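Residue strings, one per chain:
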Amino acid sequence: MDIVLGLQWGDEGKGKFIDLISENYDITARFNGGSNAGHSIERNGRRITLKMIPSGIFMNGVKNIIGTGTVIDPVSFKKEILNLQVFDKTIQPENSIIISQKAHLVMPTHKLLDIFMEESTRYTTIGSTKNGIAQAYSNKILRQNLRVGDIFLPDFQSRAQHILNRDYKMLEEEGMIVLPALEEISKEFFDAVEFLKKFSCTETEIYLNTALFEGKKVLAEGSQAAMLDIDHGTYPYVTSSSTTASGASSGLGVSPKKIGEIYGIAKAYCTRVGNGAFPTELLDEFGDDLRMKGNEFGSNTGRPRRTGWLDLPALKYAVMINGVTQLVLTKADVLSGLKSVAVCTHYELEDGKTVAISGLLPENGKPVLKWMNGWNADFSAMKSPSELPKEIMEFLSFLETELGIPVAYLSTGPGRNEMLKLI
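Quick caveat: nothing in here was measured; it's all calculated off a predicted structure.

Colleague: Sorry, what's going on with the domain arrangement of the protein here?
Modeller: Size of an interface: often given as the accessible area lost when the parts come together. Taken as a whole, the protein is organised into domain 1 (2–103 + 200–262), domain 2 (104–197) and domain 3 (266–421). Between the C-alpha centres of domain 2 and domain 3 the distance comes to 38 Å. Counting residues at the interface gives six residues for domain 2, matched by four residues for domain 3. Taken together, both faces of the contact between domain 2 and domain 3 bury some 310 Å²; the carbon and sulfur share is 36%. On the domain 2 side of the interface with domain 3, the three residues burying the most area are Ile126, Gly127 and Thr129, jointly 72% of the side's total. Linking domain 2 with domain 3 are zero salt bridges, by the criterion used here. Scanning the region where domain 2 abuts domain 3 turns up zero residue pairs in polar contact (both at pLDDT 80 or more). A per-class count over the side of domain 2 that touches domain 3 returns one nonpolar, five polar and no charged.

Spelled out as structure tokens, the structure:
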């Protein structure tokens, strides 16, 4: 089993890369997160954002697993499937998507609780997508939630309605004006559950391990990114699941012994959505220009992304904890035309000490920048690594030396096939 995951704060271009290489696999499998993810895929000049659906959905014959480590919002899932079928009428998702019976459900009131906590002064505001993901995972840990397999039980509706009634009443008691009405969200939810029943639901751990035993190739797909991991990310401004390579193993129920290549995706600069430390953030006009040129707006939420120079101490940390074997670098083309580009090599702390690798990003640490020659080229026209300008080759060589892994792929533009294989 190979793994693709983000190494920064998300939005690195995972969907494009997975869509590109998934034709080489028999199965693609999502191992974490929920509808808070947003992997953009381009097909025939049009773009679609996949949230819960694995990015191999467009490949004929490829099975797409939504694994145990995910949380599934039936309402959002139904909308996504219907949108997919409008986007591409040839897709038959019921025949290619398999869902873990053990994946947890996102209830409609989980979204309302998310909104309440984000807007209440009594809680830390972290910049949540307000999709109810944290609430679903917290109820999972509290053992108060329902799973996908439960939808087939005869008493499912009464059990689910009990949770909806309880949560709705609690929000009303907290003084929240709860909209839409309980009856409305209940009906939409149960209608979506009936839609969910059309899909194959099984113990995907057994399915995946059987496939691997038979010699089939599996590609595990992570949502969000390493620096948003619940344990190893920039807590508390993180997601609510494990986004790392080890999370793929637990989220899919596949032994670490069966992991092969670990592809790490990183931009040639950094972006971040929401709150949290960002040592290399550019708070000037250039940062705004970079946002516009790179189209740095959340694929799922549309929120503007914060922009900054490439952060090597954080990237080294992400490469280390994930055991990344190959780096995929995206958006170097966005930096084209600059006379020079910067990379943060260290943080300089207030006591004068420097840090070269860390997952604990300093709030007041000063980034120590290394300036390198910029490049100016039309990347989209390039069909071979030999056509790359020497400045970008020097940049790639510098990264390989610092990170200790090869840069295996270089994105040359936003299009699906605008990707050069370097090794």
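Colleague: I tried to follow the UniProt feature "active site" (unreviewed entry) in the protein on my own but got confused; where do I start?
Modeller: UniProt tags Asp11 and His39 as "active site" (unreviewed entry). These annotated residues cover 29 residues of sequence, and their C-alpha atoms lie no more than 7.8 Å from one another, placing them together at a single site. Residue placement: Asp11 occurs in the loop between strand E1 (2–6) and helix H1 (14–21). We classify Asp11 as partly exposed; its relative accessible area is 24%. In this fold, His39 is placed in strand E3 (residues 39–43).

Colleague: How should the packing of aromatic side chains be read in this particular structure?
Modeller: Working definition: an aromatic ring pair is given by the centre-to-centre distance plus the angle between the planes. In the structure shown here, the tally under the stated rule is 14 aromatic pairs. Between Phe58 and Phe87, the aromatic rings sit 6.0 Å apart at their centres with planes inclined by 65°, giving edge-to-face as the arrangement. A residue pair is termed long-range when its members are at least 10 positions apart, and Phe58 in the loop between strand E4 (46–50) and strand E5 (63–66) and Phe87 in helix H2 (residues 74–87) qualify at 29 residues. Of the two residues examined, Phe58 and Phe87, each falls in the buried class. Between Phe189 and Phe190 the ring centres are 5.3 Å apart and the planes differ by 65°, which places this aromatic pair in the edge-to-face class. Of the residues examined, Phe190 reaches a relative accessible area of 11% and is grouped as buried. Ring pairs connect the aromatic residues Phe17, Tyr263 and Tyr409, which therefore count as one cluster. One Lys or Arg, Arg46, reaches over the ring of Phe87 and ends 4.3 Å from the middle of that ring. Residue placement shows Lys217 over the ring face of Tyr25; its charged tip is 5.0 Å from the ring centre.

What counts as what
Residues numbered from 1 in each chain as written. Predicted model: local features only at pLDDT ≥ 70, side-chain atom pairs only at ≥ 80, totals over all residues. Heavy atoms only, no water. Domains from an automatic or database assignment. Contact = heavy atoms within 4.5 Å. Buried area = accessible area lost by both parts, 1.4 Å probe. Salt bridge = Lys/Arg side-chain N within 4 Å of Asp/Glu carboxyl O. Polar contact = N/O pair within 3.5 Å; in protein donor to acceptor, adjacent residues only side chain to side chain. Nonpolar A, V, L, I, M, F, W, Y, C, P; charged D, E, K, R; others polar. UniProt positions renumbered as here; feature names shortened; annotations may be inferred. Helix = DSSP H or I, 4+ residues; strand = E, 2+ residues; numbered from the N terminus. Buried < 20%, exposed > 50% of the residue type's maximum accessible area, 1.4 Å probe, protein only. Phe/Tyr/Trp six-rings, centres within 6.5 Å; stacked < 30°, edge-to-face > 60°. Lys NZ or Arg CZ within 6 Å of the ring centre and 35° of its normal.

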